[in-house]
Amino acid sequence: MNNFHEQDVLFVEVSRERSIRRTLMLLETKRQRIREDLMDLIGSMPLLSLPVQLTQDSPEETRDILQEALSRMGDEAFARWIVEDILEQSQ
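Residues numbered from 1 in each chain as written. Predicted model: local features only at pLDDT ≥ 70, side-chain atom pairs only at ≥ 80, totals over all residues. Heavy atoms only, no water.

Considerations on the overall build of the protein chain
Logical step 1: The secondary structure content of the protein chain amounts to four helices and zero strands.
Logical step 2: Summed over its atoms, the accessible surface of the protein chain is roughly 7,800 Å², and 57% of this surface lies on carbon and sulfur atoms. (Helix = DSSP H or I, 4+ residues; strand = E, 2+ residues; numbered from the N terminus. Areas by Shrake-Rupley, 256 points an atom, 1.4 Å probe, with all protein chains shown as cover.)

Written out as structure tokens, the structure reads:
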């Protein structure tokens, strides 16, 4: 009887681990797609929201405008994520 219980526990643990790994894989894939979409948006944002002269002559001003807009959103985690992605992309 004890052997059946151990097999049940083992089956539950293996199933749980498989579910965790599958969920992790889906989350990582989704995160990568979201990050790619976000970087595309950030890359084209100066063209969509700023005067052409400003984007060509002053990349620092463009970055400052983006950072100010992020600070006004009131979502620190999102803003930090975008800033980290921008820094990662520029390296």
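Don't stop here, the text continues.
Overview of the nonpolar core
Logical step 1: The biggest cluster of nonpolar side chains holds eight residues, and these are L38, M39, I42, L66, L70, A79, I82 and I86.
Logical step 2: Among the elements of the structure, α1 (2-49), α3 (59-73) and α4 (76-90) are those that each provide at least two residues to this core.
Logical step 3: Ignoring anything within four residues of it in the chain, the contact list for L66 reads I42, M45 and I86. (Core = buried A, V, L, I, M, F, W, Y, C linked by side-chain atoms within 4.5 Å. Buried < 20%, exposed > 50% of the residue type's maximum accessible area, 1.4 Å probe, protein only. Contact = heavy atoms within 4.5 Å.)

What about the packing of aromatic side chains?
Logical step 1: With the rule as written, the count across this model stands at one aromatic pair.
Logical step 2: Residues F78 and W81 carry aromatic rings whose centres are separated by 6.2 Å and whose planes lie at 55° to one another, so their mutual orientation is tilted. Residue F78 and its partner W81 are both found in helix α4; the two are separated by three residues, about one turn of the helix.
Logical step 3: By relative accessible area, which is 27% here, F78 ends up partly exposed.
Logical step 4: Assessed through its relative accessible area of 21%, W81 is described here as partly exposed. (Phe/Tyr/Trp six-rings, centres within 6.5 Å; stacked < 30°, edge-to-face > 60°.)

Side note on the pattern of salt bridges
Logical step 1: Within the structure shown, the criterion is met by three salt bridges.
Logical step 2: For R72, the salt bridge goes to E68, with nearest N and O atoms at 3.0 Å. Of the two residues, R72 and E68 both sit in helix α3, four residues apart, roughly one turn of that helix.
Logical step 3: With relative accessibility at 68%, the residue R72 sits in the exposed group.
Logical step 4: For the salt bridge of R80 with E76, the shortest nitrogen-to-oxygen distance reads 3.7 Å. Of this pair, R80 and E76 are both found in helix α4, four residues apart, which corresponds to roughly one turn of the helix.
Logical step 5: Classification of R80 as partly exposed rests on a relative accessible area of 46%. (Salt bridge = Lys/Arg side-chain N within 4 Å of Asp/Glu carboxyl O.)

A look at the confidence of the model for the protein chain
Logical step 1: Taken residue by residue, the protein chain gives an average pLDDT of 81. The fraction at 70 or more is 80%.
Logical step 2: Taken element by element, the predicted model of the protein chain shows its lowest mean pLDDT in helix α2 (residues 52-57) (59) and its highest in α1 (87). (pLDDT = per-residue confidence, 0-100.)

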